[in-house]
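A look at the structure
Residue strings, one per chain:
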Amino acid sequence: RLRARSGATILHLPGALLPQVGSEHTNALHIDLDSASRVLAASVVVPGRTAMGERGQFRRLRMRMVAHINGHLAFAEDATFEPQRSPIDSAAIFDGGGASVSLIALGDWPLADPAWWQAFLPAYVQGAASPLRLGGVCVRLLTSTLGDALAVIDMLEVAARTAGGDSPAEPVPAVVPP
């Protein structure tokens, strides 16, 4: 559970989730923030170790996220992936990508503006930012590799850390990993 009080900035950027063969995993995050605070929360999911032939070999993965701004529901998602019921590489899930990045940016700062993401997203990433009704964005990205996904998270962390005070955060120039 994350609680961001007035004036706080929270970056929640945990390591990648890599479900193991036959595993069942639930990941849940609840965010409460005051309107004068900022939150960037991300999750990176890899659908198994491809090189080991384990892609989509987990039993079930459930990703839950709920966010409230000043006690009002701003975002809620409860997604369950079961590769035995729906192909992991369908367009609605991984679409052949090596990693999925889901994030939410809330509060009064450039990262919570959908237009900021148009300049930020590197060419090697598929994805889009969707505005939320109470402000902020939900962003979904697909990358070819876990390394690409982690590079995006690193660039986001730099951008978020430079977005202090009232100064605008400039999108970090897109760099294609080697």
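Here, every reference points to the structure presented above.
Residues numbered from 1 in each chain as written. Predicted model: local features only at pLDDT ≥ 70, side-chain atom pairs only at ≥ 80, totals over all residues. Heavy atoms only, no water.

We now examine the nonpolar core. With 27 residues, the main nonpolar core has Leu40, Leu103, Leu111, Trp117, Val152 and Leu156 as its most contacted residues. Contributions of two or more residues to this core are made by β4 (38–45), β7 (99–106), α1 (114–120), β9 (137–143) and α2 (146–161). At seven residues, the largest contribution of residues to this core is made by α2. Formed by 17 residues, the second largest nonpolar core is a distinct cluster that contains Leu2, Val39, Ala67 and Ala74. (Core = buried A, V, L, I, M, F, W, Y, C linked by side-chain atoms within 4.5 Å. Buried < 20%, exposed > 50% of the residue type's maximum accessible area, 1.4 Å probe, protein only. Helix = DSSP H or I, 4+ residues; strand = E, 2+ residues; numbered from the N terminus.)

Should their charged atoms come close, side chains of opposite charge can pair. A complete count under the given rule lists nine salt bridges for this structure. Across the pair Arg85 and Glu82 runs a salt bridge, and its minimum N-O distance is 3.1 Å. The partly exposed category is assigned to Glu82, whose relative accessible area is 22%. In this structure, Glu157 and Arg161 form a salt bridge, with 2.9 Å as the shortest nitrogen-oxygen distance. Residue Glu157 and its partner Arg161 are located together in helix α2, separated by four residues, close to a single helical turn. A relative accessible area of 28% means that Glu157 is categorised as partly exposed. For Arg161, a relative accessible area of 59% translates into the label exposed. When salt bridges with common partners are traced through the structure, they connect Arg60, Glu82 and Arg85 into a single cluster. (Salt bridge = Lys/Arg side-chain N within 4 Å of Asp/Glu carboxyl O.)

A positive phi angle, near 50°, is found at Asn70, a position not held by glycine. Following the sequence through the fold, Asn70 ends up in the loop between β5 (60–69) and β6 (72–81). By relative accessible area, which is 42% here, Asn70 ends up partly exposed.

Before going further, it helps to spend a moment on α2. Taking 1.5 Å of rise per residue, 16 residues should cover 22 Å, and α2 covers 23 Å from first to last C-alpha, within 8% of that figure. When we look at burial in α2, the residues that qualify are Asp148, Ala149, Val152, Ile153, Met155, Leu156, Ala159 and Ala160. Relative to the axis of α2, the buried residues are bounded by an arc of 165° and lie together on one face. Its buried side turned inward, α2 meets β2 (9–12), β4, β7, α1 and β9. (Expected span 1.5 Å × (residues − 1). Arc of directions from axis to C-beta. Contact = heavy atoms within 4.5 Å.)

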